[in-house]
Amino acid sequence: QGIPVFAQQSARELQATGRTPGQVLESARAGVQAADYRGPWYADADHLSEVWQVTMFASAGFDWFTLDTGAYVDTTTTDPTARWRMALLRARGLRKKVRSLVPAPVIELALDEISRPATIRDHVAILLLLRRYRMKIHALALRFPGDWQKAVDVTGAPSELTLRAHALLARM
């Protein structure tokens, strides 16, 4: 059985709403209490790209960290390993910071807000870099073919072969 995420907020969403991570977490706690939910749940600090953001959310009590290092993807190269290297090194530094502040965090790596879909070669390169840098993560969000309507829907028709290949890689 899965564990729900009842609080999820990014630094840019905080800026847009004028809230703090502590306020978001308190709102979620109030909802959990009002619903008389007694099970475990997560609070996701979403799309973090800076150390100060990690510190701010960790200090508030968040326990799921979605690290977004898509800005460090090198789109000028055709070599998949070189393309993702800096993004993964940046993620490794952020992950280290999270682990220094939170005893048992969930770590997600978000590389889904980039200019083009990840290919199978990209997916393999990312997995190999994660292994090389000894980075254990709980989830990996890639940009897949099709048009993503954030939090709404996916349009377009990625091939079944592409989806199967990505699914097989996810099991590595």
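Everything that follows concerns the structure shown earlier in this document.
1. Details of helix α5 (residues 120-132)
Three or four residues apart is the spacing at which side chains of an α-helix point the same way, because the helix has 3.6 residues per turn.
Alright, step 1. With 13 residues, α5 ought to run about 18 Å at 1.5 Å a step, and its terminal C-alpha atoms sit 18 Å apart, in line with that.
Alright, step 2. Along α5, the residues that are buried comprise D122, H123, A125, I126, L127, L129 and L130.
Alright, step 3. By the N-cap criterion, in which a side-chain oxygen at the helix start approaches the backbone nitrogen of a residue two or three places on, α5 is capped by T119, the distance to R121 being 3.3 Å.
Alright, step 4. One or two residues past the end of α5 sits R134, with phi positive at roughly 55 degrees.

2. Here's the deal with the nonpolar core
One broad rule of soluble globular proteins: the nonpolar side chains tend to lie buried together.
Alright, step 1. One finds F57, F62, F65, L67, W84, L88 and L111 to be the most contacted residues of the largest nonpolar core, which totals 37 residues.
Alright, step 2. Mapped by element, the contributors of at least two residues to this core are α1 (11-17), α2 (21-34), β2 (42-48), α3 (51-60), β3 (64-68), α4 (80-101), β4 (106-111) and α5.
Alright, step 3. When residues in this core are grouped by element, the largest group, six residues, is from α4.
Alright, step 4. Excluding residues that lie within four positions of it along the chain, W84 makes contacts with V73, L111, I114, D122, A125, I126 and L129.

3. Some thoughts on the packing of aromatic side chains
Alright, step 1. Scanning the entire structure with this criterion turns up four aromatic pairs.
Alright, step 2. Judged by centre distance (5.9 Å) and plane angle (50 degrees), the rings of F6 and W41 are tilted. Here F6, found in strand β1 (residues 5-10), pairs with W41, found in the loop between α2 and β2; they are 35 residues apart in sequence, far enough to count as distant.
Alright, step 3. The exposure class of F6 is partly exposed, given its relative accessible area of 40%.
Alright, step 4. Look at F57 and F62: their rings are 4.9 Å apart centre to centre, the planes differ by 90 degrees, and that puts the pair in the edge-to-face class. Neither F57 nor F62 differs from the other in exposure class; each is buried.
Alright, step 5. Among the aromatic residues, those joined into a cluster by ring pairs are F6, Y37 and W41.

4. Structural notes on the pattern of salt bridges
Alright, step 1. Taken as a whole and judged by the stated rule, the model has six salt bridges.
Alright, step 2. A salt bridge links R12 to E113; its shortest N-O distance comes to 2.8 Å. Placement of R12 in helix α1 and of E113 in the loop between β4 and α5 is noted, with a sequence separation of 101 residues between them.
Alright, step 3. The class for E113 is partly exposed, based on a relative accessible area of 34%.
Alright, step 4. Note that E50 is salt-bridged to R90, the shortest N-O span being 3.1 Å. Here R90 lies in helix α4 and E50 lies in the loop between β2 and α3, a separation of 40 residues in the sequence.

How each quantity is defined
Residues numbered from 1 in each chain as written. Predicted model: local features only at pLDDT ≥ 70, side-chain atom pairs only at ≥ 80, totals over all residues. Heavy atoms only, no water. Helix = DSSP H or I, 4+ residues; strand = E, 2+ residues; numbered from the N terminus. Expected span 1.5 Å × (residues − 1). Buried < 20%, exposed > 50% of the residue type's maximum accessible area, 1.4 Å probe, protein only. Polar contact = N/O pair within 3.5 Å; in protein donor to acceptor, adjacent residues only side chain to side chain. Core = buried A, V, L, I, M, F, W, Y, C linked by side-chain atoms within 4.5 Å. Contact = heavy atoms within 4.5 Å. Phe/Tyr/Trp six-rings, centres within 6.5 Å; stacked < 30°, edge-to-face > 60°. Salt bridge = Lys/Arg side-chain N within 4 Å of Asp/Glu carboxyl O.

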